[in-house]
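# Structural overview for review
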Amino acid sequence: MALAWLPARLVGRRAQTATARSLVFTVPGWPGHLPGQHVDVRLTADDGYQAVRSYSLAAPADDDRLELGVQAVSGGEVSPYLADQLPPGERVEMRGPLGNWFVWRPEQTEPVLSVAGGSGVVPLMAMIRAHRSAGSRSLFQLVYSVRGPEDVWYREELEDGGPFLDVRFLHTRRSPHGAARASGRITAADLREPTARLDPVSPVYVCGSTGFVETVGDLLVELFAGRGKEPATIRTEHFG
Amino acid sequence: MTSFSPGFRGRPHSLAQRLPPGQYPTESFPVLSAGPTPRVPAEAWSFTVTTERGETRSWTWEQMMALPQQDTVTDIHCVTRWSKFDTRWRGVSLDVFFDGLETTAGYVVADSYGGYTTSLPLADLLGGRAWIAHTYDGYALSPEHGGPARLLVPHLYFWKSAKWVRGLRLTPEDDPGFWESAGYHPYGDPWREQRHRGD
Ligand SMILES: Cc1cc2nc3c(=O)[nH]c(=O)nc-3n(C[C@H](O)[C@H](O)[C@H](O)COP(=O)(O)OP(=O)(O)OC[C@H]3O[C@@H](n4cnc5c(N)ncnc54)[C@H](O)[C@@H]3O)c2cc1C
């Protein structure tokens, strides 16, 4: 059966950073989804022109409420409109859920590593929230690369995630005062400890821009070589 | 006045006729893949066609490069909704690899280094519509875009153009590949917007 376009009403908007927003929509008839999946969002102009982009779901299914996380890209056709212009109470259209591969299911019990670059944290946040609400006692790790401390999304939830969530922030441009790690892009050293805690079958989720995902994929494959961990355990999602 | 997305205008949409439904044009070359990028040196690359009876034909990199080469300029369409116009490729037409091969199989599974697979009808690989491509825009195809060589089937969504291709297996029935098993459409015609199963 073809997936239908469903009307989705904006009911909440919250700033995550200066340019990123959490958006909550109600979507009557939403069939539910798995953590890590995404939706297509369709906008229609007065002259009938339509534009569609994909956005990851930031939280597990909660009846007909869906949360997205949108980074406004300057000069972008869709993201600045969603982030700042779509009036509360108004509607767009959505279709989904999409993507059956980049998912974490609450029945999974192996320790997990997830690696986010910037807005790539969105689908990983859905997994982290599902992991928490399932009361899972397996370790969920997030290595989260941001430019500076002011670019962290979901900070409170990530810093206060309990004993089964382990979050490491990597600052590429500006580190907080007294940080042990110098500012800079992700390296093998940043991944050595988190990967050492994985099982051979543990899934690894990597999400962000193409450049970030390619870099991290290469680092992980190298770290796994000689440890008997297959590159096929690495699942990637590219945002552009 | 539509009841959706009030105040949305969009970019000037002059290229609309050249775009399949639901696509937008991009100047960059985004990447879709499910896992890390395999690194395959050209010297270690080989390409094998296997018939439904198990007979094989193989080519090393050198042998493939010695086959007749073709330049192609084409639009490509990714299921993640970007389209890129006038991409320039060099490679070998699949008609060359299949020349004289006896088969009654109707379908093909493409196998890639790294384990990726995709499935499509044999007819879509023949008749000058598909290539093994090794050069993009005048340069050796980079690993993240499928180098050293990828399948190029531009009339279908780009996930059918398997990156890091290492072989084609002929099968009597359609045997769904990676994305086809994960809910994507078995055929994937961008002009009929066949993104997901049931579209
Ligand atoms: C599976 C998936 C999940 C995703 N999840 C998320 C998510 O959770 N959160 C998120 O924020 N994003 C996500 N994305 C990315 C998202 O789909 C969009 O690509 C992103 O929001 C940019 O879209 P846009 O319309 O704003 O920009 P676009 O209009 O597509 O432009 C992108 C960039 O190119 C430039 N550009 C391109 N064409 C032109 C042109 N003709 N004229 C001028 N400038 C141009 C723009 O200036 C801009 O910098 C996801 C993508 C995928 C594939």
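The shown structure was predicted, so the numbers you read here are calculated from the model rather than taken from an experiment.

As a further point, take the interface of chain A and chain B. Contacts between the two partners involve 40 residues from chain A, matched on the other side by 33 residues from chain B. Summed over both partners, the interface of chain A with chain B buries about 3,100 Å², with 54% contributed by carbon and sulfur atoms. Joining chain A to chain B, the criterion identifies four salt bridges. The partner of aspartate 199 of chain B in a salt bridge is arginine 95 of chain A, and the shortest N-O contact between them spans 3.4 Å. The interface formed by chain A and chain B holds 17 residue pairs in polar contact (both at pLDDT 80 or more) in total. Among the secondary structure elements, those contributing two or more residues to the side of chain A that touches chain B are strand E3 (38-44), strand E4 (50-56), strand E6 (91-98), helix H5 (210-224) and strand E11 (234-238) of chain A. Taken together, the residues of the side of chain A that touches chain B sort by class into 19 nonpolar, nine polar and 12 charged.

So, on to H5 of chain A. Residue and element names in this part refer to chain A. In this model, H5 (15 residues) spans 21 Å end to end at C-alpha, consistent with the 21 Å of a helix rising 1.5 Å per residue. Looking at H5, one finds that the buried residues are Thr210, Phe212, Val213, Glu214, Val216, Gly217, Leu219, Leu220, Leu223 and Phe224. Elements that come into contact with the buried residues of H5 comprise strand E7 (112-117), strand E8 (140-146), helix H4 (188-196), strand E10 (204-208) and E11.

Consecutive side chains of a regular strand alternate in pointing toward one face of the sheet and then the other. Where burial is concerned, most of strand E7 (residues 117-121) of chain B is hidden: five out of the five residues are buried. Linkage of strand E6 (residues 107-112) of chain B to E7 of chain B, two consecutive antiparallel strands, is achieved through a turn of four residues, within which glycine 114 of chain B is found at a positive phi near 95 degrees.

All right, on to the pairing of E8 of chain A then. Residues and elements named next belong to chain A. Along E8, seven of the seven residues are buried, which leaves the element largely enclosed by surrounding structure. Of the two faces of E8, both are covered, the one formed by Phe140, Leu142, Tyr144 and Val146 as well as the one formed by Gln141, Val143 and Ser145. As defined by bridge partners, E7 adjoins E8 across six bridges and the pair is classed as parallel. Counted as the bridge partner of glycine 117 is serine 145 from E8. You can see the chain leave E7, run along helix H2 (residues 121-133) and come back into E8, and the turn it takes is right-handed. Relative to strand E9 (residues 165-171), E8 runs parallel, the two sharing seven bridges. Bridging across to E9, valine 143 finds its partner in arginine 168.

Bringing the nonpolar core into the picture now. Phe47, Leu94 and Phe97 of chain B are the most contacted members of the largest nonpolar core, which totals 40 residues. Only strand E2 (46-50), helix H1 (61-65), helix H2 (94-98), E6 and strand E11 (165-171) of chain B provide two or more residues apiece to this core. Counting 27 residues, the second-largest nonpolar core is a separate cluster that includes Tyr55, Val70, Val78 and Leu86 of chain A.

Further remarks concern the site of the ligand. In the neighbourhood of the ligand, 22 residues make up the surrounding shell, with Ser54, Tyr55, Val78 and Ser79 of chain A together with Arg11 of chain B lying closest. One nitrogen or oxygen atom from the side chain of arginine 53 of chain A is found 2.9 Å from an oxygen atom belonging to the ligand. Within the backbone of valine 78 of chain A, one N or O atom sits 2.8 Å away from an oxygen atom of the ligand. For the ligand, whose free accessible area comes to 970 Å², the fraction covered by protein is 74%. When residues of the shell around the ligand are traced back to their parent elements, those giving at least two are E4, strand E5 (65-71), helix H1 (79-85) and E11 of chain A. Broken down by element, the residue count for the shell around the ligand peaks at four residues, all from E4 of chain A. When the residues that make up the shell around the ligand are grouped by side-chain class, the tally is eight nonpolar, 10 polar and four charged.

Here we take up unusual backbone geometry. Here glycine 96 of chain A and proline 97 of chain A are connected by a cis peptide whose omega angle stands at 0 degrees. Within the fold, proline 97 of chain A resides in strand E6. Following glycine 147 of chain B, the chain continues into proline 148 of chain B via a peptide bond in cis, with omega recorded as 15 degrees. The topology assignment puts proline 148 of chain B in the loop between strand E9 (139-140) and strand E10 (150-152). A positive phi angle is found at arginine 81 of chain B, which is not glycine, with a value near 95 degrees. Locating arginine 81 of chain B in the fold gives a position in the loop between strand E4 (70-77) and strand E5 (82-93). Here the phi dihedral of tryptophan 164 of chain B falls at roughly 50 degrees; this positive angle occurs in a residue that is not glycine. When you line up the elements, tryptophan 164 of chain B lands in the loop between E10 and E11.

Calculation criteria
Residues numbered from 1 in each chain as written. Chains lettered and ligands numbered in written order. Predicted model: local features only at pLDDT ≥ 70, side-chain atom pairs only at ≥ 80, totals over all residues. Heavy atoms only, no water. Contact = heavy atoms within 4.5 Å. Buried area = accessible area lost by both parts, 1.4 Å probe. Salt bridge = Lys/Arg side-chain N within 4 Å of Asp/Glu carboxyl O. Polar contact = N/O pair within 3.5 Å; in protein donor to acceptor, adjacent residues only side chain to side chain. Helix = DSSP H or I, 4+ residues; strand = E, 2+ residues; numbered from the N terminus. Nonpolar A, V, L, I, M, F, W, Y, C, P; charged D, E, K, R; others polar. Expected span 1.5 Å × (residues − 1). Buried < 20%, exposed > 50% of the residue type's maximum accessible area, 1.4 Å probe, protein only. Pairing = 2+ DSSP bridges. Right-handed = clockwise from strand over helix to strand, strands pointing away. Core = buried A, V, L, I, M, F, W, Y, C linked by side-chain atoms within 4.5 Å. Near = heavy atom within 4 Å. Areas by Shrake-Rupley, 256 points an atom, 1.4 Å probe, with all protein chains shown as cover.

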